[in-house]
Amino acid sequence: MSFEPTTEPTSATPALSGQRGRRALKTAGSFVWFVVTVALTFLGLLAITFFIGRVIPIDPVLSVVGDRATPEVYEAARIEMGLDRSLPVQFLDYVTDVLTGDFGMSVSTGRPVISDLARVFPATLEMATIGILMGIALGVPMGVVAAARQGSWVDQTIRVFGLLGYSVPAFWLGLVGLAVFYARLRWASGPGRLDIFYDGLVPPVTGLMLVDTLIAGDYDIFWNALDHLILPASVLGFFSLAYIARMTRSFMLDQLSQEFVTTARVKGVPERVVIWRHAFYPIRIQLITVIGLSYAALLEGSVMVETVFSWPGIGNYLTTALLNADMNAVLGATLVIGAVFIFINKISDVLYRVLDPRAR
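Residues numbered from 1 in each chain as written. Predicted model: local features only at pLDDT ≥ 70, side-chain atom pairs only at ≥ 80, totals over all residues. Heavy atoms only, no water.

**Digging into the overall build of the chain**
Then comes step 1: Counting its regular elements, the chain contains 14 helices and 0 strands.
Then comes step 2: In the chain, the succession of helices and strands from N to C terminus is α-α-α-α-α-α-α-α-α-α-α-α-α-α.
Then comes step 3: Classification of the 360 residues of the chain by burial places 36% in the buried group.
Then comes step 4: Long-range contacts, defined as pairs at least 24 residues apart, comprise 72% of the intrachain contacts of the chain with a sequence gap of at least 6.
Then comes step 5: A total accessible area of about 20,900 Å² is found for the chain, and carbon and sulfur atoms account for 66% of it. (Helix = DSSP H or I, 4+ residues; strand = E, 2+ residues; numbered from the N terminus. Buried < 20%, exposed > 50% of the residue type's maximum accessible area, 1.4 Å probe, protein only. Contact = heavy atoms within 4.5 Å. Areas by Shrake-Rupley, 256 points an atom, 1.4 Å probe, with all protein chains shown as cover.)

Following this line, the structure appears as structure tokens:
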């Protein structure tokens, strides 16, 4: 008697395919929702900047033709700028121009606003990036140590240090930094992005001076640029450090009070492992949001620091545009800062979902 092997139908393969299909469909839906939310948020930002441009008591026509222009010249310029049209038509034209990269001409510089922003924004990005890296490198360990030694003099010192970061005005701290580290101790270079005799020697590639000098292979200018960057970036980093340290301490205190941490200590797990593995590991997801918000705040809040240090960034550009009633430049800079804020927040949300399966 021979036995024929029997094969029974199995649903494993169809079930697996169906699970993969649902997963792909869910991923595609998340991506579409991400694009839709970014587009709607950006549209809202466009509406806000358009509204600001219409309610500010500055006549954009006068900023172009001057207050001595004849009524005929004034009216011709008004028609040329499209201000004789209805508000919905003006808003539609504004959205169309922005989406095509046309932010208008700057009265202050006489160049297209988009080219000015492409020139000044990398300087702010470079300074804010170095500042946030300083804030992360110092703020996270300080917050962890303060939580691990709650109530000690170390904790109190870090808390006072963080309080200063919330209380001290940025312009005052920048002036003190220049007076002490530049004028008195000569440890840092003065205002500006480079010494004047290095200006214009490095061809712009990325707009980031440290990167461009490395690409050009000019290490003397690289060290000079870094010397100029350290002090203003440290001022920005101090404010991000205070916020990151405070939030890290708060998150760590919540984790250290959990039962699984107590259980690990009872089992004799080394305190270093308890702190950094059991308590710190879960809060990394929360820290992503904190760091993202802090980074965006540095990019948009660097106006006073750039003014004090004569840093040719978007904050200094925006201040000059406001003083000159240059509305095209003001709205363009505001729009770029808002777009960067939206982008960083959305990237933080994506990283949050990647690291935390519960948020998917």
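**Quick notes on the packing of helix 5 (residues 113-148) against helix 11 (residues 271-300)**
Then comes step 1: The contact between helix 5 and helix 11 brings their axes to 10 Å, and the two run at 150 degrees. Considering the angle they form, helix 5 stands roughly antiparallel to helix 11. Two packed elements cross with a definite hand, and for helix 5 against helix 11 that hand is right-handed. Note on element contacts: helix 11 touches helix 5 through I275, W276, F280, L287, I291, S294, Y295, L298 and L299, opposite T124, L125, A128, T129, G131, I132, I136, V140, P141, V144 and A148.
Then comes step 2: Residues of the contact of helix 5 with helix 11, tallied by class, amount to 16 nonpolar, 4 polar and no charged. (Axes fitted to C-alpha atoms, helices over the stretch in contact; angles between N-to-C directions. Parallel < 35°, antiparallel > 145°, perpendicular 65-115°, else oblique. Left-handed = near helix turned anticlockwise from the far one by under 90°. Nonpolar A, V, L, I, M, F, W, Y, C, P; charged D, E, K, R; others polar.)

**Concerning a nonpolar patch on the surface**
Then comes step 1: On the surface, a nonpolar cluster with roughly 850 Å² of combined accessible area is contributed by F171, W172, L175, V176, V180, F181, L185, W187 and M304.
Then comes step 2: For the nonpolar patch, the leading source of residues is helix 7 (residues 170-184), giving 6 residues.
Then comes step 3: Looking at the secondary structure, you find W187 in the loop between helix 7 and helix 8 (209-216). (Patch = residues over 30% accessible without salt bridge, like charges linked within 9 Å, V, L, I, M, F, W, Y side chains within 5 Å. Salt bridge = Lys/Arg side-chain N within 4 Å of Asp/Glu carboxyl O.)

**Details of the pattern of salt bridges**
Then comes step 1: Scanning the model with the defined rule gives 5 salt bridges in all.
Then comes step 2: Between R193 and E126 there is a salt bridge whose closest N-O contact spans 2.9 Å. Placement of R193 in the loop between helix 7 and helix 8 and of E126 in helix 5 is noted, with a sequence separation of 67 residues between them.
Then comes step 3: Residue class for E126 comes out buried when judged on its relative accessible area of 7%.
Then comes step 4: A salt bridge links R249 to D155, with the shortest nitrogen-to-oxygen separation between them at 2.8 Å. A residue pair is termed long-range when its members are at least 10 positions apart, and R249 in helix 9 (residues 219-256) and D155 in helix 6 (residues 153-167) qualify at 94 residues.
Then comes step 5: For D155, a relative accessible area of 0% corresponds to the buried category.

**Side note on the nonpolar core**
Then comes step 1: The biggest cluster of nonpolar side chains holds 71 residues, and the ones touching the most others in it are L117, M252 and I314.
Then comes step 2: Counting residues per element, this core draws most heavily on helix 9, which supplies 13 residues.
Then comes step 3: Leaving out residues up to four positions away in the same chain, I314 has contacts with L117, V120, F121, T124, E306, A333, V336 and I337.
Then comes step 4: One finds M142, I158, L241 and A245 within the second-largest nonpolar core, a separate group that totals 6 residues. (Core = buried A, V, L, I, M, F, W, Y, C linked by side-chain atoms within 4.5 Å.)

**Describing the packing of aromatic side chains**
Then comes step 1: A full pass over the atoms with the stated rule returns 6 aromatic pairs.
Then comes step 2: Note on F181 and W187: the rings are 6.0 Å apart at their centroids and 40 degrees apart in plane angle, and the pair reads as tilted.
Then comes step 3: Note on F238 and F239: the rings are 5.8 Å apart at their centroids and 70 degrees apart in plane angle, and the pair reads as edge-to-face.
Then comes step 4: If you follow R277 out to its NZ or CZ, it ends over the ring of Y281, 4.9 Å from the centre.
Then comes step 5: Lying across the ring of Y281, R284 places its NZ or CZ 4.0 Å from the centre. (Phe/Tyr/Trp six-rings, centres within 6.5 Å; stacked < 30°, edge-to-face > 60°. Lys NZ or Arg CZ within 6 Å of the ring centre and 35° of its normal.)

**Re the packing of helix 5 against helix 6**
Then comes step 1: At a minimum axis separation of 8 Å, helix 5 and helix 6 run at an interaxial angle of 140 degrees. By the criterion of interaxial angle, the relationship of helix 5 to helix 6 is oblique. Where helix 5 crosses over helix 6, the two elements pack in a sense that is left-handed. On helix 6, the residues that touch M142, V145 and A146 of helix 5 are V154, D155, I158 and F161.

**So, the side chain of S189**
Then comes step 1: Structurally, the position occupied by S189 is in the loop between helix 7 and helix 8.
Then comes step 2: Within the structure, the side chain of S189 is placed 2.6 Å from the side chain of D227, a separation counted as a polar contact. (Polar contact = N/O pair within 3.5 Å; in protein donor to acceptor, adjacent residues only side chain to side chain.)

**Describing unusual backbone geometry**
Then comes step 1: The phi angle at R186 is positive, at roughly 60 degrees, despite the residue not being glycine.
Then comes step 2: Turning to its location among the elements, R186 is positioned in the loop between helix 7 and helix 8.

**Details of helix 13 (residues 314-323)**
Then comes step 1: Within helix 13, burial applies to I314, G315, Y317, L318 and A321. The buried residues of helix 13 occupy an angular sector of 160 degrees when projected down its axis, which confines them to one face. (Arc of directions from axis to C-beta.)

**Some points on the side chain of S106**
Then comes step 1: The residue S106 is located in the loop between helix 4 (87-99) and helix 5 in this model.
Then comes step 2: The exposure class assigned to S106 is buried, which follows from its relative accessible area of 3%.

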